[in-house]
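Residue-level structural notes
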Amino acid sequence: MDQLFVNTDAATLSPVALFLQADFVVKAVMIGLLLASIWTWAIIFAVSRKLKRVRKAGDSFERDFWKAEDIDAFHRMHGDSELPAAKVFVAGVAEWRRSTKGSTIDREGTRQRLGTAMGAAVAGEVDKLSERLNVLATIGSVAPFVGLFGTVWGIMRAFTAIAAEQNSSLAVVAPGIAEALFATAIGLFAAIPAVIAYNRFSHGIDRIEARLNRFADGFHSTLSHELEAA
Amino acid sequence: MERAEKAALGIAALGHVALFGLLSVGFLATPNPADLKSKPIEVSLADDIALESGSPTPEADPRQVEAPEEGPLELAATPPPPAPETPRVDPTPPPRVEPTPAPRPAERARPRPERPKAREEARPEPRRSRLDSSIVEDLRERTKAGRPRSSRISRDMIEGATDNVSRGRDTTPPGAAATPAVQAALAAEVVRQLRPHWRAPTGPDAEKLRTTVRVALNRNGGIIGTPEIVRQTGVTASNSAQKELHAERAIRAVQLAAPFNLPAEYYDTWKVLTPNFDRNLSQ
């Protein structure tokens, strides 16, 4: 009549307990995935703040730029700004000054050089903005596999335990499988935000790049008009 | 790494620690379903309860209380009544004496230490004490000797009213059968003796198998004939390969456990055993 009553209380299924009773391979996987998750969220916080700032400051910079009367005065004011749009502007101005330094001005060559210089500045700024995104992409694609590895390893271990105890009751198997599945859970926990953030940020950076390109084109056309006039 | 990234890293780490802390607390806070149930109560399952007389020693005769020897002085007036009584008693002994020896031999009562001792204290005469050992012997002796018995009448009884054995005041009367509590104790004892010899087969769904064996025992606890399978339950597709082995091991466990060491006075209760072999027996 006495039934085997297994007290699988919730305390043994809490994340900390699951981690502590895991195998060392599974533990390593869990620690790695946890660090990856922390790193992901650090990048998410940092990059989202940076993109928001770049967008806002870029807006006001462009507004100020098109309203500015004197480009040299504007250049003095924003010459050492860290903004991507300001960098593009500084690159254009520097190329303009170098090309128009001499007595004779090669208009066609100057236009091409201006375009190239500002395009290079845009590309450089976009690279700088998106330098952390590859980490997000890597975590987003690899973390589920790492978690799956931990799960497979943990379940293999659980089966070994079953074979050793010759007892297939759920109470014997459950803790091992729960701890193994916990690895996949952490993997997904790290990967899902990483993938979402990667898509969102690459979309935002694309928009910033398009905007920089538009700004560079507008500045380029302004300088071209100046070349005609010169 | 920039300063902003360091700050973001700190925020992320703090957030993770907080999240896992919350999860741990949340898991701990979930009510444990096992706690909500009422605490287990020990229950013994018995088919028949009460309305059945029982005693811890069903076969023993109640103790007889005898009046202290008052001496023949008082009885000197009464000897005549017993003498005519004897022929009247004579027809009665055969039906009383003959059925009794087989199930309950009178010798069993004798080894009990307390009774002779009590007699010796009361009356040092050895012959008397033998006479008092049981009604049967007493009657036999009486009819043989034909001499008047000494008084069994206690002091407060009316003189010469009877010479029947008076009932004991301090012993429980005999019961017709073993009480449910005794049956449960016997069943537990049988299981205890079977346990070392029972090894349940392992395998998928093997714990669901349940084999009931029927075995007849003689008074010494030995097996009469061969144990037979009464029924087998819990057979599923995955454990049907195990059922033969299960039954075989069940019979083997009974054979190995024999002879059973069980109290002889309850032989009627345990002369046929039907133990159930399932996983719990081996745990």
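Remember, predicted model here, so these are calculated numbers, not experimental data.

This part covers the overall build of chain A. Check the secondary structure of chain A and you find seven helices and zero strands. In chain A, the succession of α and β elements from N to C terminus is α-α-α-α-α-α-α. In chain A, which comprises 230 residues, the proportion classed as buried is 39%. Contacts in chain A between residues far apart in sequence, at least 24 positions, make up 81% of those at least 6 positions apart. Entry remark: accessible area of chain A is about 12800 Å², with carbon and sulfur atoms responsible for 61%.

Moving on, we come to the overall build of chain B. Each helix and strand in chain B was counted, giving 11 helices and four strands. Classification of the 283 residues of chain B by burial places 28% in the buried group. Of the roughly 18200 Å² that chain B leaves accessible, carbon and sulfur atoms contribute 58%.

Here we take up the confidence of the model for chain A. Summarising the model, chain A shows a mean pLDDT of 85, and 94% of its residues fall at 70 or more. Contacts for the low-pLDDT stretch residues 1–8 of chain A, under 50 throughout, to residues beyond four places or in other chains number seven contacts.

To continue, consider the side chain of Ser37(A). Looking at the secondary structure, you find Ser37(A) in helix H2 (residues 24–67). Setting aside residues no more than four positions away along its own chain, Ser37(A) makes contact with Phe189(A), Ala190(A) and His16(B).

A word on the packing of helix H6 (residues 133–165) of chain A against helix H7 (residues 170–229) of chain A. Residues and elements named next belong to chain A. Their axes nearest at 7 Å, the elements H6 and H7 cross at an angle of 175 degrees. What the angle tells us is that H6 and H7 run roughly antiparallel. When its residues are assigned to classes, the contact of H6 with H7 shows 25 nonpolar, nine polar and three charged.

Moving on, we come to H6(A). Side chains three or four residues apart in an α-helix point the same way, a direct result of the helix having 3.6 residues per turn. All names here are of chain A. If you check H6, its first and last C-alpha atoms are 48 Å apart, about what 33 residues at 1.5 Å a residue would give, namely 48 Å. If you look at H6, its biggest bend is around 35 degrees, right at Val-142, and the proline Pro-144 turns up within four residues after that. Along H6, the positions that sit buried rather than exposed are Leu-133, Val-135, Leu-136, Ile-139, Gly-140, Ala-143, Gly-147, Gly-150, Thr-151, Gly-154, Ala-158 and Ile-162. Buried positions along H6 lie against H2 and H7.

This part takes up the packing of helix H4 (residues 84–99) of chain A against helix H5 (residues 107–129) of chain A. All names here are of chain A. It is at 9 Å that the axes of H4 and H5 come closest, and there the two elements cross at 155 degrees. By the angle class used here, H4 and H5 are roughly antiparallel. H4 and H5 meet at a crossing whose hand is right-handed. Together, Pro-84, Lys-87, Val-88, Ala-91, Gly-92, Glu-95, Trp-96 and Ser-99 of H4 and Thr-110, Arg-113, Leu-114, Ala-117, Met-118, Ala-121, Val-122, Glu-125 and Lys-128 of H5 make up the contact between the two elements. For the contact of H4 with H5, a count of residues per class yields nine nonpolar, three polar and five charged.

With that out of the way, let us pick up the UniProt feature "transmembrane region" (unreviewed entry) in chain A. Residues and elements named next belong to chain A. Taking the UniProt record as the reference, the feature "transmembrane region" (unreviewed entry) is found at residues 24–47, 135–156 and 176–198. Structurally, residues 135–156 is divided into 100% helix and 0% strand, and its ends, taken at the C-alpha atoms, are 31 Å apart. Here residues 176–198 is 100% helix and 0% strand, with 34 Å between the C-alpha atoms at its ends.

Residue and element names in this part refer to chain B. For chain B, mean pLDDT is 67; residues scoring 70 or higher make up 47% of the total. Note that residues 74–79 has pLDDT below 50 and, in this model, four contacts with residues that lie over four places away or in other chains. Every residue in residues 83–93 is under pLDDT 50, and counting partners more than four places away or in other chains gives seven contacts.

A few words now on the pattern of salt bridges. Residues and elements named next belong to chain A. All chains considered together, the criterion is met by 16 salt bridges over all chains. In this structure, the salt-bridge partner of Asp-59 is Arg-211, at a minimum N-O distance of 2.1 Å. In this pair, Asp-59 sits in helix H2 while Arg-211 sits in helix H7, placing the two residues 152 residues apart along the sequence. Judged by its relative accessible area of 29%, Asp-59 is partly exposed. You can call Arg-211 partly exposed: its relative accessible area is 30%. When salt bridges with common partners are traced through the structure, they connect Asp-23, Arg-157 and Glu-179 into a single cluster.

Cut-offs and rules
- Residues numbered from 1 in each chain as written.
- Chains lettered and ligands numbered in written order.
- Predicted model: local features only at pLDDT ≥ 70, side-chain atom pairs only at ≥ 80, totals over all residues.
- Heavy atoms only, no water.
- Helix = DSSP H or I, 4+ residues; strand = E, 2+ residues; numbered from the N terminus.
- Buried < 20%, exposed > 50% of the residue type's maximum accessible area, 1.4 Å probe, protein only.
- Contact = heavy atoms within 4.5 Å.
- Areas by Shrake-Rupley, 256 points an atom, 1.4 Å probe, with all protein chains shown as cover.
- pLDDT = per-residue confidence, 0-100.
- Axes fitted to C-alpha atoms, helices over the stretch in contact; angles between N-to-C directions.
- Parallel < 35°, antiparallel > 145°, perpendicular 65-115°, else oblique.
- Nonpolar A, V, L, I, M, F, W, Y, C, P; charged D, E, K, R; others polar.
- Expected span 1.5 Å × (residues − 1).
- Bend = angle between axes of the 7 residues up to and from the residue.
- Left-handed = near helix turned anticlockwise from the far one by under 90°.
- UniProt positions renumbered as here; feature names shortened; annotations may be inferred.
- Salt bridge = Lys/Arg side-chain N within 4 Å of Asp/Glu carboxyl O.

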